[in-house]
Amino acid sequence: MVSLVSVRYNNHLSSSKERRFGLASSCHPLLDSSIIICSTKMSNHQDTELQCDICFSQYDLKSHRPKVLFCGHTLCKECVQKPALGRKCPTCRKDIVADPRSLPDNNLAIRIIERDNGANPGKRRRLEDPKSQQLQQLQRGVDAGKNLAQRLIKVFPETTKVLTRQRNTSIEHLRKMEEALANYEQEGAEDPTPKQMQLVAQLEDSVRLLTSSKCSVTVAEQGGASWKAAVEFGELDQMFRLSLLQLRASGQLQKVDAVVKPPTLSILSIETFDLDESGNLRVDEILNNGPRWRNVRTLRKLRGQKTEKLLRVLAPHLEELEISDVASVSQLEEVRKMKSLKRLLVICRQDCDDYPDLPSQLEELSIWFPSERQLRCVQTMASLRSLYMDFYYGNTVSFHPPLHGGLLWLGVNLNVPQKDTILSLIRASAPSLLELRIEADYKSVDSDNHFPDLGPFLAACGLRALRRIVLKRTSFDDESLCLEVGDCLLQRRTVQDFLPSVEVVCDKCH
């Protein structure tokens, strides 16, 4: 007898459903509410189908590959690229903020498809074998090639229009200069107008740009990476010179005159002699020494009591701050007000819920014993690119992929009690993360940092941009190598089996 059962998944699978389909909730990313799983059971055989809610085609590993939107819903690759969607999720109508071509796979659906294509469900298998990942990389190459060709085809006629307009403008400027010169040569002519003299300077600057020999270029990508080049122009670089000329004409390229000034002190480090016998910071003595603090951009090793006055004085220009002692609530109140601060290193007091929010403009943050409130602030930091977090003991926090940018570097301590929070942070950072530094033991079963299944955990996070994993070892001695090099090597190889395109190293053995 044949029976059809329709089951709709949501993001909170009960343990009974997890056992039914043989899936552990900690080993897969977002489970999508738009996936419909139909099970047809005949005797001892079970066939599983997954279909797209838009075109009702069965998901596969090609044109109908399941893709996860940032809102959590899933569509096939073909549907998500259709202009008719209007870059909105058809289920919840939320905006699709990322390029549809860069959306991650739904790993749960991929695993079920691969299992139904012949894998033995009784055996534990990799989430994605090397061949599958290489096929994905080749497909991305084909997609990128098509995109590049389409853009170049579109750019050529636009470039011709711009160059023609630029040539006509230059000819018109030349005509005006010739007329002005002819008029001024006549007896009794008026002095040139300020507008005419401004045009003279503009034309001279344009000639300098066209005859320049060197140029420095920095191009910023949307994800936070940048391209830099020091270009020495040759005979074939005329197009680049014309681009500089266009930027100059549109006002986007500005001339910056060289500024000559004496060197300035940018770092203030608090030393032992800056503290009195009671441990209070001698703020007035520091401020009386103007050359020591006036041009400070970095404050290091801040410690002692009564430091708030110094923080208030330095706040307008301070960009980097390192607090060596356990930070007080009043100190972080002053830190919260700093509008120029970009990098912060701070050790908090465990189980303190009175700390204020962290500055939202931070680019780099290292924090120990963060509160739940501080951890949630991380999600509001649109410019944050580097984060180190350790010793979090609060409630589980769920992170969502950022709308702009994202972390490029992440360092965490993967411990058992806060595994869900840490893995959620890694998953949310997956689209942009380039390097992951993770503390995880390879042998001690009794340790909270022991994860024999580290490879599957990380592979399920969808780390498609990741280039490097550094395994940080807990050590209380000065040994330069791991005590059990063989076990360390085995763990690194196991992780790399699940992430074959990522370099996996140990901070002590490498």
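For the structure itself, look to the data block above.
First, a word on what this report is: a plain description of the structure on this page.

Thresholds, definitions, all that
Residues numbered from 1 in each chain as written. Predicted model: local features only at pLDDT ≥ 70, side-chain atom pairs only at ≥ 80, totals over all residues. Heavy atoms only, no water. Helix = DSSP H or I, 4+ residues; strand = E, 2+ residues; numbered from the N terminus. Buried < 20%, exposed > 50% of the residue type's maximum accessible area, 1.4 Å probe, protein only. Contact = heavy atoms within 4.5 Å. Areas by Shrake-Rupley, 256 points an atom, 1.4 Å probe, with all protein chains shown as cover. Patch = residues over 30% accessible without salt bridge, like charges linked within 9 Å, V, L, I, M, F, W, Y side chains within 5 Å. Salt bridge = Lys/Arg side-chain N within 4 Å of Asp/Glu carboxyl O. Core = buried A, V, L, I, M, F, W, Y, C linked by side-chain atoms within 4.5 Å. Phe/Tyr/Trp six-rings, centres within 6.5 Å; stacked < 30°, edge-to-face > 60°. Axes fitted to C-alpha atoms, helices over the stretch in contact; angles between N-to-C directions. Parallel < 35°, antiparallel > 145°, perpendicular 65-115°, else oblique. Left-handed = near helix turned anticlockwise from the far one by under 90°. Nonpolar A, V, L, I, M, F, W, Y, C, P; charged D, E, K, R; others polar. Pairing = 2+ DSSP bridges. Right-handed = clockwise from strand over helix to strand, strands pointing away.

## Thoughts on the overall build of the chain
From N to C terminus, the chain includes 14 helices and 17 strands. Residues counted as buried form 36% of the 510 residues belonging to the chain. Relative to all contacts within the chain whose residues are 6 or more apart in sequence, the contacts with residues 24 or more apart total 49%. On the chain, roughly 30,200 Å² of surface is accessible, and the fraction owed to carbon and sulfur atoms is 52%.

## A word on the environment of A440
The residue A440 is located in the loop between β15 (435-439) and α13 (454-459) in this model. For A440, a relative accessible area of 0% puts it in the buried group. C-alpha of A440 to C-alpha of L471: the two residues are 31 residues apart in sequence and 6.6 Å apart in space.

## Observations regarding a nonpolar patch on the surface
On the surface, L148, L152 and F156 cluster together into a nonpolar patch covering about 320 Å² of accessible area. Here L152 is to be found in helix α4 (residues 130-185).

## Quick notes on the side chain of S432
Following the sequence through the fold, S432 ends up in the loop between α12 (419-429) and β15. Residues in contact with S432, not counting those within four places in the same chain, are G405, G406, L407, L408 and A465.

## Here's the deal with the nonpolar core
Membership of the largest hydrophobic core comes to 69 residues, with the highest contact counts inside it found for L299, L310, L321, L365, I426, L458 and I469. When residues in this core are grouped by element, the largest group, five residues, is from α12. The contact partners of L299, leaving out residues within four places of it in the chain, are L268, I270, L310, L311, L314, L318, E320, L321 and E322. Ranked by size, the runner-up nonpolar core spans 17 residues in total, among them L75, C76, L85 and A109.

## Re the packing of aromatic side chains
Each aromatic ring pair is characterised by the separation of its centres together with the angle its planes make. Tallied over the entire structure, the rule returns three aromatic pairs. Measuring from ring centre to ring centre gives 4.9 Å for F369 and F391, while their planes differ by 15°; the resulting arrangement is stacked. Of this pair, F369 sits in the loop between β12 (364-368) and α11 (372-377) while F391 is found in the loop between β13 (386-390) and β14 (409-413), placing the two residues 22 residues apart along the sequence. Classification of F391 as partly exposed rests on a relative accessible area of 32%. A network of ring pairs unites the aromatic residues F369, F391 and Y393 as a single cluster.

## Observations concerning the packing of helix α5 (residues 194-210) against helix α6 (residues 238-249)
Helix-helix packing: each pair is described by the crossing angle between the helix axes and the interaxial distance. Running from N to C, α5 and α6 cross one another at 155°; their axes reach a closest spacing of 9 Å. Between α5 and α6, the angle falls in the class roughly antiparallel. α6 is crossed by α5, and the crossing has right-handed handedness. Contacts between α5 and α6 pair Q202, D205, S206, L209 and L210 from the former with R241, L242, L244, L245 and R248 from the latter. A breakdown of the residues in the contact of α5 with α6 according to their chemical character gives five nonpolar, two polar and three charged.

## What to know about the sheet that holds strand β11 (residues 343-347)
Pairing in this open sheet of ten strands is parallel, and the strands run β8-β9-β10-β11-β12-β13-β14-β15-β16-β17 from one edge to the other. Unpaired on one side and paired on the other, β8 (267-269) and β17 (503-506) mark the two borders of the sheet. Direction aside, the axes of adjacent strands within the sheet are offset by 10° on average. Sheet topology note: the β12/β13 ladder contains five bridges and is parallel. The residue bridging E364 from the neighbouring strand is S386, located in β13. Against the sheet, α12 engages β13, β14 and β15, with an angle of about 170° to β14.

## Quick word on the side chain of S424
Note on placement: S424 falls in helix α12. Ignoring anything within four residues of it in the chain, the contact list for S424 reads V397, S398 and F399.

## Remarks on the pattern of salt bridges
Counted by the stated rule, this structure contains 21 salt bridges. One salt bridge in this structure joins D105 and R65, with 2.8 Å as the shortest N-O distance. Of this pair, D105 sits in the loop between α2 (77-80) and α3 (107-116) while R65 is found in the loop between β3 (45-51) and β4 (66-68), placing the two residues 40 residues apart along the sequence. Take D105 and R65: they sit in the same class, and that class is buried. K309 is the salt-bridge partner of D284, the closest N and O atoms lying 2.8 Å from each other. You can see D284 sitting in helix α7 (residues 283-288) and its partner K309 sitting in helix α9 (residues 308-314), a full 25 residues away along the chain. Using a relative accessible area of 39% as the deciding quantity, one classes K309 as partly exposed. Each of R65, K67 and D105 takes part in salt bridges that share partners, so that together they form one network.

## Quick look at the pairing of strand β10 (residues 320-326)
The pairing of strand β9 (residues 298-302) with β10 spans three bridges and is classified as parallel. What sits directly across from L302, in β10, is I323. In this region the chain leaves β9, passes through α9 and returns to the parallel neighbour β10; the handedness of that crossover is right-handed. Examined bridge by bridge, β10 and β11 share four bridges and lie parallel to one another.

## Some words on unusual backbone geometry
Its identity as a non-glycine residue notwithstanding, K301 has a phi of 55°, on the positive side. Not every positive phi belongs to a glycine, and D351 is a case in point at roughly 65°. One can find D351 in the loop between β11 and β12. What makes D351 exposed here is its relative accessible area of 66%.

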